Amino acid sequence: MSATANSLRGEAEIVIDGRPFVLRPSFEALVLAEKELGSLFALVERASEGALTISEMTGLVWHCLPDDRRPPREEVGRSILSIGLLEAAKPVRSILAQVLKGQK
């Protein structure tokens, strides 16, 4: 049984190598992503300018995947390219929106 994303918590869904995953932008996941990618506010700014890189998208998605089922980062990157950047931007946008607005 797979979990369903709860948009009220900023969760999003993504398919990686044919398997659905729920992205959970928990505090821990976002701190680790920020440690690797730099300021999340700067990431939001780059995203709004259309300057987000594939590497940044992959890193953010990878950190928000469940630890117990997380595929290798290379697999996440390949899946992002295979679904296309526009489609991959949807869950990334959801995570970044959650960063900006916080929890309700």
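Residues numbered from 1 in each chain as written. Predicted model: local features only at pLDDT ≥ 70, side-chain atom pairs only at ≥ 80, totals over all residues. Heavy atoms only, no water.

Visitor: Before we go on, may I ask you to explain the packing of helix α3 (residues 54–63) against helix α5 (residues 85–101) in this structure?
Guide: Helix-helix packing is described using two parameters, namely the angle between the two axes and the distance between the axes. The interhelical angle for the contact between α3 and α5, taken along N-to-C directions, is 55°, at an axis separation of 10 Å. Of the possible angle classes, the one that applies to α3 and α5 is oblique. Once α3 is placed against α5, the crossing between them reads as left-handed. Here Ile 54, Met 57, Leu 60 and Val 61 of α3 lie close against α5, whose contacting residues are Leu 85, Ala 88, Ala 89, Val 92, Ile 95 and Leu 96. Looking at the contact of α3 with α5 residue by residue, the classes come out as 10 nonpolar, no polar and no charged. (Axes fitted to C-alpha atoms, helices over the stretch in contact; angles between N-to-C directions. Helix = DSSP H or I, 4+ residues; strand = E, 2+ residues; numbered from the N terminus. Parallel < 35°, antiparallel > 145°, perpendicular 65-115°, else oblique. Left-handed = near helix turned anticlockwise from the far one by under 90°. Contact = heavy atoms within 4.5 Å. Nonpolar A, V, L, I, M, F, W, Y, C, P; charged D, E, K, R; others polar.)

Visitor: Can you help me understand the environment of Arg 69 in this one?
Guide: If you trace the backbone, Arg 69 turns up in the loop between α3 and α4 (73–83). Owing to a relative accessible area of 40%, Arg 69 belongs among the partly exposed residues under this scheme. On a C-alpha basis, the gap between Arg 69 and Thr 58 in space is 16 Å, while along the polypeptide they are 11 residues apart. In this structure, Arg 69 is in contact with Pro 20 and Phe 21, ignoring residues within four places of it in sequence. (Buried < 20%, exposed > 50% of the residue type's maximum accessible area, 1.4 Å probe, protein only.)

Visitor: Looking at this model, I keep getting lost on the pairing of strand β2 (residues 19–23). Mind explaining?
Guide: Consecutive side chains of a regular strand alternate in pointing toward one face of the sheet and then the other. By the bridge criterion, 5 bridges tie strand β1 (residues 12–16) to β2 in an arrangement that is antiparallel. Looking at the pairing, Val 15 lines up with Pro 20 of β2. Remark: 2 residues form the turn of the hairpin made by β1 and β2, two consecutive strands paired antiparallel; Asp 17 in that turn has positive phi of roughly 50°. (Pairing = 2+ DSSP bridges.)

The values are spatial; any link to function lies outside them.
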